[in-house]
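# Secondary and tertiary structure notes
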Amino acid sequence: MKKAVVLLSGGLDSATVLAVARRQGYQCHALSLDYGQRHSAELQAAQRVAEQLGAAEHRLFPLGLGALGGSALTDPAIQVPQIATEGIPVTYVPARNTILLSIALGWAEILGARHLFIGVNAVDYSGYPDCRPEFIRAFQNLANLATKAGVEGDRIQIHAPLIQLTKAQIIRLGADLGLDYAATVSCYQADPQGRACGQCDSCRLRAQGFAAAGLPDPTRYAQTQTKKHP
Ligand code: ZN
């Protein structure tokens, strides 16, 4: 069985990617990075999803990006915006996907895996530069220049199966693969029980995705007064 390292945040997109990789027959080694997110609910979600989808194993890698700060997701002094903002939002974690893929790449080489899966999406997304197809292509080049496996001709492939899908298409794909999205947490500031704020960018994209897919949204929201964005 082909081995793959799958980056699994516990959110909707990466859970779908794990379901896709499993369906394609990969033995999946799921990797979650505890990079100093504001909450641990999404890491618990990652654990649930890894179990549900039959990952061969699930590793949690501590990585204190909070020591650098610079993002609303890692620095408590920066507020998560409650409305859509212009340009690249403050929830962008500087160089995050480069850092995550680099760690996944190192683990893949150790495992003898030649496939990396990441749930980036360049359609319904927040405009992060490290979610674009050109970034994925560039990282794949780097991966093959930077590793023993790559220079010995055992090429490493980066798979981003969601990159050109809308959020609604992603949700339909996962639903078709039997994924239970109730296990996932997308909110940038979920409470310790994993209940979503209903207002951040990630909540908005998720709610709009379920509405557009015509599927019931299993998201649990923290406050009854929270406005949902259809
Ligand atoms: Zn939220």
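Residues numbered from 1 in each chain as written. Predicted model: local features only at pLDDT ≥ 70, side-chain atom pairs only at ≥ 80, totals over all residues. Heavy atoms only, no water.

With that settled, the discussion passes to the pattern of salt bridges. Summed over all chains, the structure comprises seven salt bridges. A salt bridge links Arg-132 to Glu-134, with the shortest nitrogen-to-oxygen separation between them at 3.6 Å. In this structure, Lys-148 and Glu-152 form a salt bridge, with 3.5 Å as the shortest nitrogen-oxygen distance. Across this residue pair, the class does not change: Lys-148 and Glu-152 are exposed. (Salt bridge = Lys/Arg side-chain N within 4 Å of Asp/Glu carboxyl O. Buried < 20%, exposed > 50% of the residue type's maximum accessible area, 1.4 Å probe, protein only.)

With that out of the way, let us pick up the packing of aromatic side chains. One pass over the structure, following the stated rule, counts four aromatic pairs. Relative to Tyr-128, the ring of Tyr-92 lies with its centre 6.0 Å away and its plane at 40°, an arrangement referred to as tilted. Linking Tyr-92 in the loop between β3 (57-62) and α3 (96-111) with Tyr-128 in the loop between β4 (115-117) and α4 (133-146), this pair joins segments that are 36 residues apart in sequence. Residue class for Tyr-92 comes out partly exposed when judged on its relative accessible area of 23%. Residue classification places Tyr-128 among the buried residues on the basis of a relative accessible area of 7%. (Phe/Tyr/Trp six-rings, centres within 6.5 Å; stacked < 30°, edge-to-face > 60°. Helix = DSSP H or I, 4+ residues; strand = E, 2+ residues; numbered from the N terminus.)

Take the coordination of the zinc ion next. Surrounding the zinc ion are the protein donor atoms Cys-187 (SG), Cys-197 (SG), Cys-200 (SG) and Cys-203 (SG), which sit 2.3 to 2.4 Å from the metal. Around the zinc ion sit four donor atoms; with metal-centred angles ranging over 103 to 117°, the donor geometry is tetrahedral. Site description for the zinc ion: donor spacing in sequence, C-x9-C-x2-C-x2-C. Taken together, the residues span a long stretch of sequence, with Cys-187 in the loop between α6 (167-176) and α7 (201-213) and Cys-197 in the loop between α6 and α7 at a distance of ten residues. (Donors = N, O, S within 2.8 Å, 3.2 Å for Na, K, Ca; no water. Tetrahedral: all angles 85-135°; square planar, octahedral: opposite > 155°, others 65-115°.)

Taking strand neighbours across the sheet as the criterion, the five strands line up as β3-β2-β1-β4-β5 in an open arrangement whose pairing is parallel. Here the strands that pair on one side only, and so sit at the sheet edges, are β3 and β5 (157-159). Within the sheet, the average angular offset between the axes of one strand and its neighbour, ignoring direction, is 25°. Bridge count for strand β1 (residues 3-7) against strand β2 (residues 27-34) is five bridges, and the pairing is parallel. (Pairing = 2+ DSSP bridges. Axes fitted to C-alpha atoms, helices over the stretch in contact; angles between N-to-C directions.)

Without other data, these values stay purely geometric and don't point to any function.
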